[in-house]
Amino acid sequence: MEPLTSKKKVLEQKPLTFAERMYLPAIAKGLSITISHLFKKEATIRYPEEQREFSTNFRGMHSLKRDEEGRERCTACGLCALSCPAEAITMIAAERKTEEKALYREEKYAAVYEINMLRCIFCGLCEEACPKEAIYLDGPIVPSDYLRKDFIYGKDKLVEQPLVNK
């Protein structure tokens, strides 16, 4: 088979010196790189003892907010569930009873409100769609677990604690 071009490149290999044959320069260079890394700042964070600084637009775990009087803000309109591209939010609405007036703001409330954190992509569309400003992604990092059922968060984990008036 003939070459496509008539240009040839001749490579010349110099014979290795004794030190190069013993790999001494390569070993010295490797040791110098290793020793230089000993004096650099650590790249890792010792997690439980040290907490990482988050940016201002960090989206953490969901939380359902309460109003100034301690009532749940969510009115079960379903806009957060409709806007969720991952379909991670499930909601069942119920009518408020007269004795529950101190618990819920409006006549309708979310009797069941669940978020599947394995499906959630933390896009923040549920937060933007809520007309009552009831849901925020302002919590901590979602903790790890071993079972899939433990990643379905209900109102017991999502609703913030009421303010205690003293």
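The rules we used
- Residues numbered from 1 in each chain as written.
- Predicted model: local features only at pLDDT ≥ 70, side-chain atom pairs only at ≥ 80, totals over all residues.
- Heavy atoms only, no water.
- Phe/Tyr/Trp six-rings, centres within 6.5 Å; stacked < 30°, edge-to-face > 60°.
- Buried < 20%, exposed > 50% of the residue type's maximum accessible area, 1.4 Å probe, protein only.
- UniProt positions renumbered as here; feature names shortened; annotations may be inferred.
- 1 Å grid on protein atoms, 1.4 Å probe; cavity = no way out; pocket = protein on both sides within 12 Å on 5 of 7 lines; lining within 4 Å.
- Contact = heavy atoms within 4.5 Å.
- Helix = DSSP H or I, 4+ residues; strand = E, 2+ residues; numbered from the N terminus.
- Core = buried A, V, L, I, M, F, W, Y, C linked by side-chain atoms within 4.5 Å.
- Points joined across faces, edges and corners; volume = space filled by probe spheres on them.
- Nonpolar A, V, L, I, M, F, W, Y, C, P; charged D, E, K, R; others polar.
- Pairing = 2+ DSSP bridges.

**Q** So what about the packing of aromatic side chains? Which residues, and what values?
**A** All told, the structure shown has two aromatic pairs when counted by the stated rule. Taken together, a centroid distance of 4.1 Å and an interplanar angle of 15 degrees make the contact between Phe-54 and Phe-58 stacked. Their ring planes at 10 degrees and their centres at 3.8 Å tell us that Tyr-104 and Tyr-109 sit as a pair that is stacked. For Tyr-104, a relative accessible area of 10% puts it in the buried group. Residue classification places Tyr-109 among the buried residues on the basis of a relative accessible area of 8%.

**Q** Just give me the short version of the UniProt feature "binding site: [4Fe-4S] cluster 2" (unreviewed entry) in the protein chain, but keep the residues and values in it.
**A** In the UniProt entry, the feature "binding site: [4Fe-4S] cluster 2" (unreviewed entry) is given for Cys-84, Cys-120, Cys-123 and Cys-126. Maximum C-alpha separation among the annotated residues is 10.4 Å over a sequence range of 43 residues, consistent with a single clustered spot. The subset of the named residues that lines the second largest cavity consists of Cys-84, Cys-120, Cys-123 and Cys-126. Judged by relative accessible area, which is 14%, Cys-120 ranks as buried. Beyond its immediate sequence surroundings of up to four residues, Cys-120 is in contact with His-62 and Ala-88. Counting through the fold element by element, Cys-126 comes out in helix α4 (residues 125–129).

**Q** So what about the nonpolar core? Which residues, and what values?
**A** In this structure, Ile-89, Tyr-113, Ile-115 and Ile-135 are the most contacted members of the largest nonpolar core, which totals 24 residues. When residues of this core are traced back to their parent elements, those giving at least two are β2 (89–95) and β3 (108–116). For this core, the element with the most residues is β3, which contributes three residues. Setting aside residues up to four positions removed in sequence, Ile-115 forms contacts with His-62, Ala-88, Ile-89, Ile-135, Phe-151, Ile-152, Tyr-153 and Leu-158.

**Q** So, empty space enclosed by the protein: which residues are in play, and what are the values?
**A** Under the counting rule described, the total for this entry stands at two cavities of 30 Å³ or more. For the largest cavity, the lining is made up of 16 residues, of which Cys-74, Cys-77, Cys-80, Cys-130 and Ala-134 are closest to its centre. Here the residues of the lining of the largest cavity are counted per class, giving twelve nonpolar, two polar and two charged. The calculated volume of the second largest cavity comes to roughly 70 Å³. Taken together, 14 residues make up the lining of the second largest cavity; nearest its centre are His-62, Cys-84, Cys-120, Cys-123 and Cys-126. Looking at the lining of the second largest cavity residue by residue, the class counts come to twelve nonpolar, two polar and no charged.

**Q** Got a sec to walk through the UniProt feature "binding site: [4Fe-4S] cluster 1" (unreviewed entry) in the protein chain? Specific residues and values, please.
**A** Within the UniProt annotation, "binding site: [4Fe-4S] cluster 1" (unreviewed entry) is assigned to Cys-74, Cys-77, Cys-80 and Cys-130. In summary, the annotated positions, though distributed over 57 residues, converge in three dimensions, the widest C-alpha pair being only 10.2 Å. The annotated residues named above include Cys-74, Cys-77, Cys-80 and Cys-130 as those lining the largest cavity. For Cys-74, the position within the fold is in the loop between β1 (63–64) and α3 (79–83). Excluding residues that lie within four positions of it along the chain, Cys-74 makes contacts with Lys-108, Tyr-109, Ala-110, Tyr-113 and Ala-134. When you line up the elements, Cys-130 lands in the loop between α4 and β4 (135–136).

**Q** Describe the pairing of β3, and please don't skip the residues or the numbers.
**A** Two faces belong to every sheet, and in a regular strand the side chains alternate between them. One ladder, built from seven bridges, connects β2 with β3; its direction is antiparallel. Among the inter-strand pairings, Glu-95 is bridged to a residue of β3, identified as Lys-108. By the bridge criterion, two bridges tie β3 to strand β5 (residues 152–153) in an arrangement that is antiparallel. Bridging across to β5, Asn-116 finds its partner in Ile-152.

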